[in-house]
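Examining the three-dimensional arrangement
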Amino acid sequence: MVSKTDETSPVAADTREGKELENDIGKEACDCAHSSGMPLVNGDAGHDHSETENHKERVDDETRVDDENEQEVIVIQDTGFTVKMHAPGIEPFDLQVSPQEMVQEIHQVLMDREDTCHRTCFSLQLDGNVLDNFSELKSIEGLHEGSNLKVVEEPYTVREARIHVRHIRDLLKSLDPSDSYNGIDCNSLSFLSMFTEGDLGETGKRKRKGSELEQIDCTPPEHILPGSKERPLLFLQPQTKETKPLQCLKVLTMSGWNPPPGNRKMHGDLMYLYVVTMEDRHVSITASTRGFYVNQSTTYIFNPKPANPSFLSHSLVELLSQTSPIFKKNFATLQKKRVQRHPFERIATPFQVYSWTAPVMEHAMDCVRAEDAYTSRLGYEEHIPGQTRDWNEELQTTRELPRKNLPERLLRERAIFKVHSDFAAAATRGAMAVIDGNVMAINPGEETKMQMFIWNNIFFSLGFDVRDHYKDFGGDNAAYVAPTNDLNGVRAYNAVDVEGLYTLGTVVVDYRGYRVTAQSIIPGILEREQEQSVIYGSIDFGKTVVSHAKYLELLEKTARPLKIQKHNVLSEKDDEVELCSSVECKGIIGNDSRHYILDLLRTFPPDLNFLPVEGEELPEECSKMGFPKEHRHRLSCLRQELIEAFVEHRYLVFMKLAALQLMQQKANRQEKDCAAMTENGSSCLTGAVENNKTVLEDVDPKSKEVTLNAYKAVGSVSNTSFDIRFNPDIFSPGVRFHDPDCEELQKQKQLLKDAAAFLVSCQIPSLIKDCVDQTVLPMDGATLAEAIHQRGINIRYLAKIVQLVSKSLARQQLDHIHKLGVTELITRSVKHIFKIYLQGVELSGLSVAISHFLNCFLSSFPNPVAHLPTDELVSKKKRNKRKPRHLGNADNTAWASMTPQELWRNISNEAKSYFSFSMDCESVDQAVELYGLQKISLLREICVKSGIQILLKEYNFDSRHRPTFTEEDILNIFPVVKHVNPKASDAFHFFQSGQAKVQQGFLKEGCELINEALNLFNNVYGAMHVEICACLRLLARLNYIMGDYNEALSNQQKAVLMSERALGVDHPNTIQEYMHLALYCFANGQLSTALKLLYRSRYLLLLVYGEDHPEMALLDSNIGLVLHGVMEHDLALRFLESALAINGKYHGVKSLKVALSHHLVARVYESKAEFRSALQHEKDGYTIYKNQLGDNHEKTKESSEYLKYLTQQAVALQRTMNEIYRNGSSSSILPLKFTASPMAGVLEQLNVINGILFIPLSQKDLENLKAEVQRRQQLQETVKRVEQGETTEEKVTAPHHREKSQTTIESSTEQASA
């Protein structure tokens, strides 16, 4: 079923996936991929096959691409060809296509081209034969290079007419950002083009010929200068000069005369439209099977006859151009502008990104949005055969697609990803409809919290404890976390991807204070009682438990990757039941005979640090830190990342133990052997060598015993291999075991305690160490949480991390982590309070309530008052007769009495009770003062976490005379959505092996692999995705290092656009992408653009965090250097001195980074001829180099040379001055040699501070280097083999490189300057 729907859903008239990747992406993504439908792997014919094959063989060991796949990858690299398109009314044109594409994708391209965009209802014909939309081009006979394809207009149906009107609406709105601000249809914002003034690269260069230095205005805006305290918000979303986009029509809407009466239907009338042109002409239009014409109806009189003169047009645009001259002119201009925008500014993102601020937008009439709002359809539902989509069927069928070879896997992953992003969008829309009260419950008689809903084939339930289901686990608190735990379980099982085992599509949506779980529906589940359908697991947390052979067989396949221990539990009749998951994991066979598992909330073992159990002692590491602590609910689980890290750690321990014991054995044996062998005259040495060979394969019982002991010591469940597994049911209330004291269970309990201890004794300290080394550089709450999660630490440990940071010896270097941690603790506590607060507010009071809450939270105004909406106060009696349909409390005005003092008391209590963090702050100003926080950053965090959208304007937080927020400032409330992110596995393997090659120094091979990965990513995700962004960033860096500055610029520009669109305009990742782009702009000679990008970067970092951040030092060094390059010395000094101060704080005043900062400052002083200051700074730098690197290091020598030079200059200047004083102005003055900073010198310094090393090597050097790398690798492997994992890497590999996110060739400046 889905093969059809699946192909239909990404296509038809929805703009979702590739519609807008028009021809120029042919040049953009790869040579022949003009639609993301199937951008081919390396479409360019430039590769000859032999090269590709070699390159595939190189990949082989890295990516486990077996031989047959090697062939397939090449098969996929079929080159594209050109066909000639003949469309009515325009000249024939050439179009580049590729054999893998479907005919449908040519449709999409034509609907996006400037000259054919107004056509939607047409077929493509080859020699008079109509081509099937869903066939691939390679399967069409007679279609080859140079074929003529004809565009033939087809008669309309109601559906086609609707699609046409919808498409015209999209074209008219194509430059209007309101959909992006409102978070609709996967539109999102991007501001890059405002700073680059159009495109970068070649075209950009042509525009600005001539000496750029003369016209550069380098003055940074006041608010981003170092030391500025202002944090204006308006610049976050700079508005264009022409804020109103071109208007083509005043009104385009469905007419009130719809639907056509029977007799008009039989004349071919499909529907009626009502249009008001810019000339104020009111027009009624008939959409008929043959096209569009103006009829004689008015608002009150129905007259379907064609108007005089009659003009029938197949396209609405042609008809309107005929009717309105302004429409004709503006529509043409609009389409020109639309096509000029970068494709990445227009393509839809896979998942919706919401913006927390928006400017005042005028609300315009919009027939399409109006129609969507009144029908319970999901935007594009009517384009899909069979109306509503059977989500479950689609999600499961895509998983069943074959996956034996690469093309099959790509097709399967693409289908899974597409259905998934559609499902997430539908689920979000449904969840909002449920909370807004637009969906009827399936159990309307029950209390509101217990209601469940079905909409669009998706099942919705609310995050409350219904029927005391979670009574033993913490009631509503447990019911609130269960959905996210369940989602983590779904994610884990999906990643293991066992054939025959199915999970439900799951999306968790937080909206207006409620948590809604959306799930796809198991066929037949609604007709049966739950007791009958569950054939595996337990529906009452372990009282009654059943098992099933087929489920055990399927779950056993997942047990090893998920580290789950098979175990027996007792049911209420004391029968032993075998399970291979936690008890609440239920197995249900649907009517489609598929085996589903659901309720995966305890896939991972419990976290004993937050689960006090009577009579159980935790290891000393935990109790020293005050664990176990009582938590709000008893569903605290360890994260999957922690389990993986723990098992890896245990593996190292096992290797060390085994190696140690084998060594001892060997030593003992050699002594005996030597004694015996010397008699035979053979040297004991050869004996030892021989022995060494056999030790590892030796089957003698002693070494077996050794490994057996090592397995036991690390807690492996198997005696023949290293295999660590956890029993998720230990310590679950209500679960009973046959013999609770048996050794097996004690071992499983001990393993859990060890894992809890590992988290606090290894993972948290290693996180803090990484923060000190700055291998992790979070800038806001989200990136901090991500860093914590990557190491398997849960957010509930955040207060522990903050406490350890504040006690750390490197407290000063961790200042940014401390601030971020406290901000996160405060805003998360506020989020918990806000959630409950919102549940008590009814819809009409939302904006007042939210603005009141924000005033209490952030405003210095001592007593804000909430103005209740007026209708609250009128006629209470009437309203009480019917039961109101809101969830939440009966008294809907309790929220209005909140005061700032009360809120901050609650915040302190919440931080104490949830995180065990003590903060004694009675107001926001105290907190800001005490922890050095920023109100604007607190505002951003709470808006992003709770889905609030506020008006883009300047907020005065510190006024004590009026509140900061009014109800007009609250624009919208958005859902916060959690879902599974399906991965492109093959692409990811390519990406990783590309990174590995790059790290080994094989840049060209790495570059090829990463290009390959980029194509595969495009294949699976379409053109826009976070992972593609990382790929492009690395590619740009490689281009830059290999000297191709233009290509670097083009790839980095795409990375910036993608980061803005898919992550957000103020996401920390975007800030870094802007910095990289500025560097490449500078290298390309676009200086003013480079400065604008750096200023934007600095502004965003100030807004998101503030000035005092390690990344700010790098940014300021960049800005200072560029300003120095354009001779703005005073400005350059301000930024470089700021960088010097921040580097001193975060790296210690004796670090090499600080020495480099001193040198940069000295150079600027030298340019200003202030030699005394220059000497002072260079001396400081010299001292650091001398102490750190010794006298003979080249850096120390360079610095000492520069000092001599400065001294000479200073003496010369002094002499000249004395001369002037003595002889007056008549003296002959020798001109001083000032070194103007040549651009190459500045670029060199920029590369150094950004950690990019260029090593000029001859071919011979390169060969030697490669040989050396290989030699070292072999050496490493031998050592590893002999010592069986004794960690010798420290001795062998090169010094550790600092890696930020996924960029590779980066070395810390310490090494660069060393």
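Up top you'll find the structure we're talking about.
A brief look at the structure comes next. What you are looking at is a predicted structure, and each value in this text was computed from that prediction instead of being measured.

**Topic: the overall build of the protein**
- Check the secondary structure of the protein and you find 48 helices and 23 strands.
- For the protein, with 1314 residues in total, the buried portion stands at 56%.
- Restricting the contact set of the protein to residue pairs at least 6 apart, pairs at least 24 apart contribute 71%.
- Carbon and sulfur atoms form 52% of the exposed surface of the protein, whose accessible area is close to 57100 Å².

**Describing the environment of arginine 560**
- One can find arginine 560 in helix α20 (residues 549-562).
- Between the alpha carbons of arginine 560 and aspartate 723 there is a distance of 7.9 Å; along the sequence they are 163 residues apart.
- Other than its neighbours up to four places away in sequence, arginine 560 contacts Ser721, Phe722, Asp723 and Arg725.

**Side note on the packing of helix α18 (residues 475-496) against α20**
- Where α18 meets α20, the closest approach of the two axes is 10 Å, and the angle between their N-to-C directions is 105°. Relative to α20, the element α18 lies roughly perpendicular. Contacts between α18 and α20 involve Ala492, Tyr493 and Val496 from the former and Leu555, Thr558, Pro561 and Leu562 from the latter.
- In terms of residue class, the contact of α18 with α20 is built from six nonpolar, one polar and no charged.

**Things to note about the packing of aromatic side chains**
- In the structure shown here, the tally under the stated rule is 36 aromatic pairs.
- Their ring planes at 75° and their centres at 6.1 Å tell us that phenylalanine 464 and tyrosine 514 sit as a pair that is edge-to-face. Highlighted residues: phenylalanine 464 in the loop between β12 (458-462) and α18 and tyrosine 514 in strand β15 (residues 514-520), separated in sequence by 50 residues. In this pair, the class of phenylalanine 464 matches that of tyrosine 514, namely buried.
- Each ring, one from phenylalanine 917 and one from tyrosine 931, has its centre 6.4 Å from the other, and the planes form 40°; the classification is tilted. Remark: tyrosine 931 occurs in helix α32 (residues 924-931) and phenylalanine 917 occurs in the loop between α31 (900-915) and α32; sequence separation between them is 14 residues.
- Judged by relative accessible area, tyrosine 931 falls into the buried class, the value being 14%.

**Topic: the pairing of strand β21 (residues 948-951)**
- Both strand β10 (residues 357-358) and β21 contribute to a ladder of two bridges, which runs parallel. Looking across to β21, one finds that alanine 358 is bridged to leucine 951.
- Where β21 and strand β22 (residues 970-973) come together, three bridges link them in antiparallel fashion. The residue bridging isoleucine 950 from the neighbouring strand is isoleucine 970, located in β22.

**Things to note about a nonpolar patch on the surface**
- A cluster of nonpolar side chains, Met1217, Ile1220 and Tyr1221, forms an exposed patch at the surface whose accessible area comes to about 300 Å².
- Structurally, tyrosine 1221 is set in helix α44 (residues 1194-1223).
- Residue tyrosine 1221 is classed as exposed on the basis of its relative accessible area, which comes to 64%.

**A word on the packing of helix α27 (residues 798-807) against helix α28 (residues 815-839)**
- Between α27 and α28, the least distance of the axes is 9 Å, while the angle of their chain directions is 150°. Between α27 and α28, the angle falls in the class roughly antiparallel. Where α27 crosses over α28, the handedness of that crossing is left-handed. For the pair formed by α27 and α28, the contact residues are Leu798, Ala799, Val802, Val805 and Ser806 on the first element and Ile817, His818, Gly821, Val822, Glu824 and Leu825 on the second.
- Residues that form the contact of α27 with α28 fall into these classes: seven nonpolar, three polar and one charged.

**Points about the nonpolar core**
- Ranked by size, the top nonpolar core spans 272 residues in total, and within it Ile826, Phe857, Phe917 and Ile950 carry the most contacts.
- When residues of this core are assigned to their parent elements, the largest contribution, 13 residues, is made by helix α25 (residues 743-773).
- Contacts of isoleucine 826, omitting those with residues within four sequence positions, involve Phe857, Trp904, Ile907, Met919, Ala927 and Leu933.
- Judged by nonpolar contacts, the second largest core, of 29 residues, contains Leu252, Leu273, Ala307 and Leu316.

**Here we look at the environment of leucine 745**
- Turning to its location among the elements, leucine 745 is positioned in helix α25.
- We classify leucine 745 as buried; its relative accessible area is 8%.
- For the pair leucine 745 and isoleucine 730, spaced 15 residues apart in sequence, the C-alpha to C-alpha distance is 8.1 Å.
- Not counting residues up to four positions away in its chain, the partners in contact with leucine 745 are Asn727, Ile730, Phe737, Asp739 and Pro740.

**Description of the sheet that holds β12**
- Ordered by their spatial adjacency, five strands build an open sheet running β11-β12-β15-β14-β23, and the pairing between neighbours is antiparallel. Taken across any chain shown, the strands that pair with only one partner, and hence form the sheet edges, are β11 (452-455) and β23 (976-979). Here the strands of the sheet are splayed against their neighbours by 20° on average, with no regard to which way each runs.
- When β12 meets β15, the two strands line up antiparallel, connected through five bridges.

**Focus: the side chain of histidine 314**
- In this fold, histidine 314 is placed in the loop between β9 (291-295) and α12 (316-323).
- Classification of histidine 314 by relative accessible area gives buried; the value is 12%.
- Sequence-distant contacts of histidine 314, defined by excluding residues within four places in its chain, comprise Cys121, Glu153, Glu154, Tyr156, Arg290, Gly291 and Phe292.

**Section: the sheet that holds β9**
- One open sheet holds the four strands; their spatial order is β6-β7-β8-β9, and the pairing between them is antiparallel. The two strands at the open ends of the sheet, each matched to only one other strand, are β6 (249-254) and β9. Between one strand axis and the next, the sheet turns through 30° on average, direction left out of account.
- When strand β7 (residues 269-277) meets strand β8 (residues 282-288), the two strands line up antiparallel, connected through seven bridges. Across the sheet, valine 276 pairs through a bridge with histidine 282, a residue of β8.
- Strand contacts of α12: β6, β7, β8 and β9, with the helix running at about 30° to β9, the strand carrying the most contacts.

**With respect to the pairing of β15**
- Taken across its seven residues, β15 has seven buried, putting it largely inside the fold.
- Residues Tyr514, Val516, Ala518 and Ser520 of β15 are buried on one face, and the alternating residues Arg515, Thr517 and Gln519, pointing to the opposite face, are buried as well.
- When strand β14 (residues 506-511) meets β15, the two strands line up antiparallel, connected through six bridges. Across the sheet, the residue bridging to tyrosine 511 is tyrosine 514, located in β15.

**A few points about the pattern of salt bridges**
- The full count for this structure, using the stated rule, is 68 salt bridges.
- Two residues, lysine 336 and glutamate 114, come together in a salt bridge whose shortest N-O distance is 3.4 Å. Of this pair, lysine 336 sits in helix α13 (residues 325-340) while glutamate 114 is found in the loop between α5 (103-112) and β3 (122-126), placing the two residues 222 residues apart along the sequence.
- Among the residues examined, lysine 336 registers a relative accessible area of 48% and is labelled partly exposed.
- Across the pair arginine 796 and aspartate 607 runs a salt bridge, and its minimum N-O distance is 3.2 Å. Here arginine 796, found in the loop between α26 (781-790) and α27, pairs with aspartate 607, found in the loop between β20 (595-598) and α21 (620-624); they are 189 residues apart in sequence, far enough to count as distant. Summarising the burial analysis for this pair, arginine 796 and aspartate 607 share the class buried.
- A single salt-bridge network, built from bridges that share partners, covers Asp780, Glu824, Arg828, Arg940, Glu941, Lys945 and Asp1066.

About the thresholds
Residues numbered from 1 in each chain as written. Predicted model: local features only at pLDDT ≥ 70, side-chain atom pairs only at ≥ 80, totals over all residues. Heavy atoms only, no water. Helix = DSSP H or I, 4+ residues; strand = E, 2+ residues; numbered from the N terminus. Buried < 20%, exposed > 50% of the residue type's maximum accessible area, 1.4 Å probe, protein only. Contact = heavy atoms within 4.5 Å. Areas by Shrake-Rupley, 256 points an atom, 1.4 Å probe, with all protein chains shown as cover. Axes fitted to C-alpha atoms, helices over the stretch in contact; angles between N-to-C directions. Parallel < 35°, antiparallel > 145°, perpendicular 65-115°, else oblique. Nonpolar A, V, L, I, M, F, W, Y, C, P; charged D, E, K, R; others polar. Phe/Tyr/Trp six-rings, centres within 6.5 Å; stacked < 30°, edge-to-face > 60°. Pairing = 2+ DSSP bridges. Patch = residues over 30% accessible without salt bridge, like charges linked within 9 Å, V, L, I, M, F, W, Y side chains within 5 Å. Salt bridge = Lys/Arg side-chain N within 4 Å of Asp/Glu carboxyl O. Left-handed = near helix turned anticlockwise from the far one by under 90°. Core = buried A, V, L, I, M, F, W, Y, C linked by side-chain atoms within 4.5 Å.

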